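# Observations on chain architecture
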Amino acid sequence: MFTLAIVQSALELGFIYALVAMALFLSFRVLNIADMTTDGAFTLGCAVSATAAVAGHPFLGFVLAMLAGACAGFVTAFLQTHLSVPSILAGIITNTGLYTVNLAIMGFSSNVPMLKTETVFTMARALFGEKSPYKLIVAVTVTVVACALLILFLGTRLGLSIRATGDNPDMVRASSINTAFTITVGLCVSNAMTSLSGAVLAQYQKSADINLGTGMVVIGLASLIIGETLFGRGGMWVKAAAAVAGSVIYRFIIALALRANVPSECLKLISAVIVALAIAAPALKKNLALRRRRAVSQKGGKTHA
């Protein structure tokens, strides 16, 4: 049985992690690139946001985190488009290098505590009151605004070029559009959103840790695929809503696992199982329908016999 506090916490984390799902939607679905920079970019956002908040600039921390994430995406895109490094390897290389970068940003410490630091959430508490769902208000506002801006951007001429690059890069090149540029912009925007998610989470839980981004690709993909499986395909706004809904549902699944006293060490395994089942769901449905048709045809054949 879920309490109000558990439901609210699941909603808050669901909206925060939804930014990662939308980032993977852009790189994985729109650009058709498996970007492995996600884990490092998420931690990068946490580190930059925490450091800026400790310095007394929590709002600036969000902006700097997005800029830092865009830089990480640029490095991955440069390796891929100019040095001919395969997309997966380019992301892994950037992700590996970001570990040291993130440590340097946090003063070569594995974590940055912010127990007495003013954050965006403490400001929201002062504005809306202690008893209001101020954390949920911040999480929903940031996610909705970021997703709306992303969808509007994908409707622009540059955004349509990015979408076309993922669909048919050869046709885009034939139209005299620089695919290296569209891929670079797409990965920069994607990793900026991932870093923003990490920035919000760091201020939400008042700490940043070097291992916060571990497994973030799996979490983001789980959220994205759950949303797509449940809501099907549609326009960009539908896909954005599906990604957010999938993220919230994923957090409820994790909350349910914790309520069932599943050890926290097993949560990564649960995430992997959820992703595998979500990806396999269409194939499983197709196989099940085929078996039903075979069973019906076999029964019809026996009846005629």
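Everything below is about the structure shown above.
Residues numbered from 1 in each chain as written. Predicted model: local features only at pLDDT ≥ 70, side-chain atom pairs only at ≥ 80, totals over all residues. Heavy atoms only, no water.

### Some remarks on the overall build of the protein chain
Note the cut-off: Here a strand is any run of E in DSSP of at least two residues, a helix any run of H or I of at least four, and the numbering for each starts at the N terminus. Only protein chains enter the accessibility calculation, which uses a 1.4 Å probe; a residue is then buried when its area is under 20% of its type maximum, exposed when over 50%, and partly exposed in between. We call two residues contacting when some pair of their heavy atoms lies within 4.5 Å. Note on charges: Lys and Arg go in the positive column, Asp and Glu in the negative column, and His and the chain ends are not counted at all. Charge placement uses NZ in Lys and CZ in Arg. For Asp and Glu, CG and CD serve respectively.
Counting its regular elements, the protein chain contains twelve helices and two strands. Along the longest, intermediate and shortest principal axes, the C-alpha atoms of the protein chain span 80 × 55 × 35 Å. Relative to its full complement of 305 residues, the protein chain shows a buried share of 47%. Across the protein chain, the fraction of contacts at a sequence separation of at least 24, relative to all contacts at a separation of at least 6, is 79%. Here the protein chain contributes 22 positive and 10 negative side-chain charges, whose respective centroids are spaced 14 Å apart.

### Focus: the packing of helix α1 (residues 4-30) against helix α9 (residues 179-205)
Applied cut-off: Here an axis means a line fitted to C-alpha atoms, over the contact stretch when the element is a helix, while the angle between two N-to-C directions is reported on a 0 to 180 degree scale. Small angles under 35 degrees read as roughly parallel and large ones over 145 as roughly antiparallel, with 65 to 115 read as roughly perpendicular and the rest as oblique. Should the near helix be turned counterclockwise from the far one by less than a right angle, the crossing is left-handed, whereas a clockwise turn marks it as right-handed. In this count, Pro and Cys sit with the nonpolar residues alongside Ala, Val, Leu, Ile, Met, Phe, Trp and Tyr, while Asp, Glu, Lys and Arg are called charged and the others, Gly among them, polar.
Where α1 contacts α9, the axes come no closer than 7 Å and their chain directions differ by 165 degrees. Here α1 is positioned roughly antiparallel relative to α9, judged by the angle of their axes. Handedness of the crossing formed by α1 with α9: left-handed. In this structure, α1 contributes Ser9, Glu12, Leu13, Ile16, Tyr17, Leu19, Val20, Met22, Ala23, Leu26 and Ser27 to the contact, and α9 contributes Gly186, Leu187, Val189, Ser190, Met193, Thr194, Leu196, Ser197, Val200, Leu201 and Tyr204. Among the residues making up the contact of α1 with α9, the classes are represented as 15 nonpolar, six polar and one charged.

### Thoughts on helix α7 (residues 157-167)
If you check which residues of α7 are buried, you get Gly159, Ser161, Ile162, Ala164, Thr165 and Gly166. The inward-facing, buried residues of α7 contact α1, α6 (134-154), α8 (169-174) and α9.

### Some details on the packing of α1 against helix α11 (residues 236-259)
Interhelical geometry of α1 versus α11 gives an angle of 135 degrees and a closest axis separation of 7 Å. Taken together, α1 and α11 sit at an angle that is classed as oblique. Crossing of α1 against α11: the hand is right-handed. Along its contact with α1, which presents Ile6, Val7, Ala10, Leu11, Leu13, Gly14, Phe15, Tyr17, Ala18, Ala21, Met22 and Phe25, the element α11 presents Met236, Lys239, Ala240, Ala243, Val244, Ser247, Val248, Arg251, Phe252, Ala255 and Arg259.

### Here we look at the pattern of salt bridges
The following threshold applies: We count a salt bridge whenever a side-chain nitrogen from Lys or Arg sits within 4 Å of a carboxyl oxygen from Asp or Glu.
Taken as a whole and assessed by the stated rule, the structure comprises three salt bridges. Between arginine 125 and glutamate 130 there is a salt bridge whose closest N-O contact spans 3.8 Å. For arginine 125, a relative accessible area of 33% gives the class partly exposed. Classification of glutamate 130 by relative accessible area gives exposed; the value is 56%. Of the charged contacts, one joins arginine 173 and aspartate 170 as a salt bridge, the two residues approaching to 2.9 Å between their closest N and O atoms. A residue pair is termed a helical-turn pair when its members lie 3 or 4 positions apart in one helix, as arginine 173 and aspartate 170 do in helix α8 at three residues. Look at aspartate 170 and you get exposed, because its relative accessible area is 56%.

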